[in-house]
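As a plain string of letters, each chain reads:
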Amino acid sequence: MHIEAVLFDLDGTLVDSAPDLGAAADQMRIRRGLPSLPYASYRTVASSGARGLLGVAFGMAPDHADYADYCREFLANYEQRLLQETRTFAGVAALLQALVQQGLQWGIVTNKAARFAEPIARGLADLQGAGVVISGDTLAHAKPHPAPLLEAAHRMGVAPERCLYVGDDLRDMQAARAAHMPGMAALWGYLGGAPVEEWNADALAQQPHDVLVWLEQRGRA
């Protein structure tokens with residue numbers, strides 16, 4: 001079937017938010033007299049949110065007695081700096097513009113809570129044309145459950161099988177498969193979860209422009 005809409009994950013796919021996420025966690029280390037960690041340490045876990053970042057910063061898992069307090073502090077720090085260094089990845093703006101020019105809808109499906117996702121989608125000019133923004137707390141389920149992707153397709157009036165989902169994490173491909181959407185791995189992103197070879201993605205994109213190439217090969221771009 002022809003693709004009529006492209007849905008994207010947010011962190012690690014459309015936007016490079018790792019600098020702000022990492023800084024929010026590193027701020028906690030500095031406050032406790034611990035040395036700052038290099039940005040590269042945080043980037044690899046940026047798609048995992050507080051769980052991943054607190055794991056790197058403090059070796060702390062969600063079952064730790066202090067995790068809830070640390071998580072609240074981390075989220076408060078992050079909320080204060082959502083857009084200080086967060087930007088769309090190179091090539092994303094051109095990709096989104098091309099989709100619109102070619103008559104395709106596009107939207108965002110992220111596990112990021114709405115209190116963070118919506119200000120980013122509104123605050124970055126490149127993302128303001130999103131036809132839909134489904135956050136991690138929009139529904140009762142988040143990815144890898146298919147419900148968020150199916151809800152996005154429903155709101156855009158497009159059959160799920162006519163949507164392409166692009167993401168940089170294993171759970172993105174799991175959600176796409178469960179929603180009966182083709183899934184494309186964004187190799188420029190953070191690549192969370194198992195090795196990409198184990199994701200069973202329908203396609204791989206080295207750069208945002210590769211999304212257009214894939215659509216052209218299917219005769220729909």
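You'll find the structure just up there.
Summary of the structure given here. (Residues numbered from 1 in each chain as written. Predicted model: local features only at pLDDT ≥ 70, side-chain atom pairs only at ≥ 80, totals over all residues. Heavy atoms only, no water.)

1. Describing the layout of surface pockets
Reasoning step 1: There is about 380 Å³ of room inside the largest pocket.
Reasoning step 2: The wall of the largest pocket is formed by 23 residues, among which Ser48, Gly49, Asn111, Lys112 and Ala113 lie closest to the centre.
Reasoning step 3: Broken down by secondary-structure element, the contributors of at least two residues to the lining of the largest pocket are α3 (49-58), α4 (67-79) and α8 (170-178). (1 Å grid on protein atoms, 1.4 Å probe; cavity = no way out; pocket = protein on both sides within 12 Å on 5 of 7 lines; lining within 4 Å. Points joined across faces, edges and corners; volume = space filled by probe spheres on them. Helix = DSSP H or I, 4+ residues; strand = E, 2+ residues; numbered from the N terminus.)

2. Considerations on the sheet that holds strand β4 (residues 105-109)
Reasoning step 1: Taken in spatial order, the 6 strands line up as β5-β4-β1-β6-β7-β8 in an open sheet, and their pairing is parallel. The sheet is open, and its two edges are formed by β5 (133-134) and β8 (203-205), each paired on a single side.
Reasoning step 2: Two strands pair when backbone bridges link them, and strand β1 (residues 5-8) and β4 are joined in this way by 4 bridges, in the parallel orientation. Across the sheet, the residue bridging to phenylalanine 8 is isoleucine 108, located in β4.
Reasoning step 3: Contacting β1 and β4, helix α5 (residues 92-101) runs over the sheet at an angle of about 155° to β1. (Pairing = 2+ DSSP bridges. Contact = heavy atoms within 4.5 Å. Axes fitted to C-alpha atoms, helices over the stretch in contact; angles between N-to-C directions.)

3. Considering the pattern of salt bridges
Reasoning step 1: Summed over all chains, the structure comprises 12 salt bridges.
Reasoning step 2: The partner of arginine 81 in a salt bridge is aspartate 20, with the nearest N and O atoms 3.1 Å apart. Of this pair, arginine 81 sits in the loop between α4 and β3 (87-88) while aspartate 20 sits in helix α1 (residues 18-31), and the two are 61 residues apart along the sequence. The exposure classification of arginine 81 matches that of aspartate 20, with both residues buried.
Reasoning step 3: With a shortest N-O distance of 2.3 Å, aspartate 69 and arginine 72 are connected by a salt bridge. (Salt bridge = Lys/Arg side-chain N within 4 Å of Asp/Glu carboxyl O. Buried < 20%, exposed > 50% of the residue type's maximum accessible area, 1.4 Å probe, protein only.)

4. A closer look at the environment of arginine 31
Reasoning step 1: Considering the arrangement of structural elements, one finds arginine 31 in helix α1.
Reasoning step 2: At a separation of 2.9 Å, a polar atom in the side chain of arginine 31 contacts the side chain of glutamate 73. (Polar contact = N/O pair within 3.5 Å; in protein donor to acceptor, adjacent residues only side chain to side chain.)

5. Quick word on the side chain of aspartate 20
Reasoning step 1: Since its relative accessible area comes to 0%, aspartate 20 is described here as buried.
Reasoning step 2: Within the structure, aspartate 20 has its side chain in polar contact with the side chain of threonine 86 (distance 2.7 Å).

6. Focus on the nonpolar core
Reasoning step 1: Of all hydrophobic cores here, the largest spans 52 residues; its most connected members are Val6, Phe8, Leu14, Phe74, Leu99, Leu127 and Val166.
Reasoning step 2: Apart from residues no more than four positions distant in its own chain, leucine 99 is found in contact with Val6, Phe8, Leu104, Trp106, Leu212 and Leu215.
Reasoning step 3: Within the second largest apolar cluster, 16 residues are counted, among which are Leu7, Leu149, Tyr165 and Met181. (Core = buried A, V, L, I, M, F, W, Y, C linked by side-chain atoms within 4.5 Å.)

7. Considerations on unusual backbone geometry
Reasoning step 1: Residue proline 144 follows lysine 143 across a cis peptide bond; omega there is 20°.
Reasoning step 2: Its location among the elements puts proline 144 in the loop between β5 and α7 (147-156).
Reasoning step 3: Unusually for a residue other than glycine, leucine 191 sits at a positive phi of about 55°.
Reasoning step 4: On the secondary structure map, leucine 191 appears in the loop between β7 (183-186) and β8.

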